[in-house]
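# Structural overview
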Amino acid sequence: MQYARLHNVFHVSQLRKCLSDKHPLLIDNPIELEEDLSYREAPIRILDTQERKLMGRSILMLKIQWNHNGEEEPTWEMEREIQEKYPELYENSINRVLE
């Protein structure tokens, strides 16, 4: 309640000119949405591997590039889950990454 005495208005002097982006973001591959506005992610390739120690066990983690995120947003996933869900990706990519 420390801000209860503040007015929820601002002064015109606080406004700044909007500088538009000359190169707007264009999506060349539109995402196909489901009826509930969700979409399916599919892995494209395995970028890296890493062995992590969790609870005294050694777990192999895979750095995955997803089809809608690009190379900027890869995620670390457990090898076992990727192998079960996407066996064709695992078989095709894991040998190249481990070499």
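Residues numbered from 1 in each chain as written. Predicted model: local features only at pLDDT ≥ 70, side-chain atom pairs only at ≥ 80, totals over all residues. Heavy atoms only, no water.

## Observations regarding the sheet that holds strand β1 (residues 43-54)
Across the sheet, 3 strands lie side by side as β1-β2-β3; this open sheet has antiparallel pairing. Every other strand in the sheet has two partners, leaving β1 and β3 (75-78) as the edge strands with one partner each. Put simply, the sheet's adjacent strands are angled 35 degrees from each other on average, direction ignored. (Pairing = 2+ DSSP bridges. Helix = DSSP H or I, 4+ residues; strand = E, 2+ residues; numbered from the N terminus. Axes fitted to C-alpha atoms, helices over the stretch in contact; angles between N-to-C directions.)

## Some thoughts on a nonpolar patch on the surface
A contiguous nonpolar patch, built from Ile-31, Leu-33, Leu-37 and Tyr-39 and spanning about 400 Å² of accessible area, is present on the exposed surface. Secondary-structure assignment places Leu-33 in the segment before β1. (Patch = residues over 30% accessible without salt bridge, like charges linked within 9 Å, V, L, I, M, F, W, Y side chains within 5 Å. Areas by Shrake-Rupley, 256 points an atom, 1.4 Å probe, with all protein chains shown as cover. Salt bridge = Lys/Arg side-chain N within 4 Å of Asp/Glu carboxyl O.)

## Re the nonpolar core
Within the largest apolar cluster, 7 residues are counted, these being Ile-46, Leu-62, Ile-64, Trp-66, Ile-82, Leu-89 and Tyr-90. Secondary structure elements with two or more residues in this core: β2 (57-66) and α2 (87-98). For this core, the leading source of residues is β2, giving 3 residues. (Core = buried A, V, L, I, M, F, W, Y, C linked by side-chain atoms within 4.5 Å. Buried < 20%, exposed > 50% of the residue type's maximum accessible area, 1.4 Å probe, protein only.)

## A few points about the pairing of β2
Strand direction decides the pairing type here: β1 and β2, joined by 10 bridges, are antiparallel. Bridge pairing links Arg-45 to Gln-65 in β2. Examined bridge by bridge, β2 and β3 share 4 bridges and lie antiparallel to one another. Within β3, the residue paired with Leu-62 across the bridge is Glu-77.

## A closer look at the environment of Glu-77
By secondary structure assignment, the location of Glu-77 is in strand β3. On the basis of relative accessible area, Glu-77 is assigned to the partly exposed category, the value being 22%. Glu-77 sits 15 residues away from Leu-62 along the chain, and the two C-alpha atoms are 5.3 Å apart. The residues contacting Glu-77, other than those within four sequence positions of it, are Leu-60, Met-61, Leu-62, Ile-64, Trp-66 and Ile-82. (Contact = heavy atoms within 4.5 Å.)

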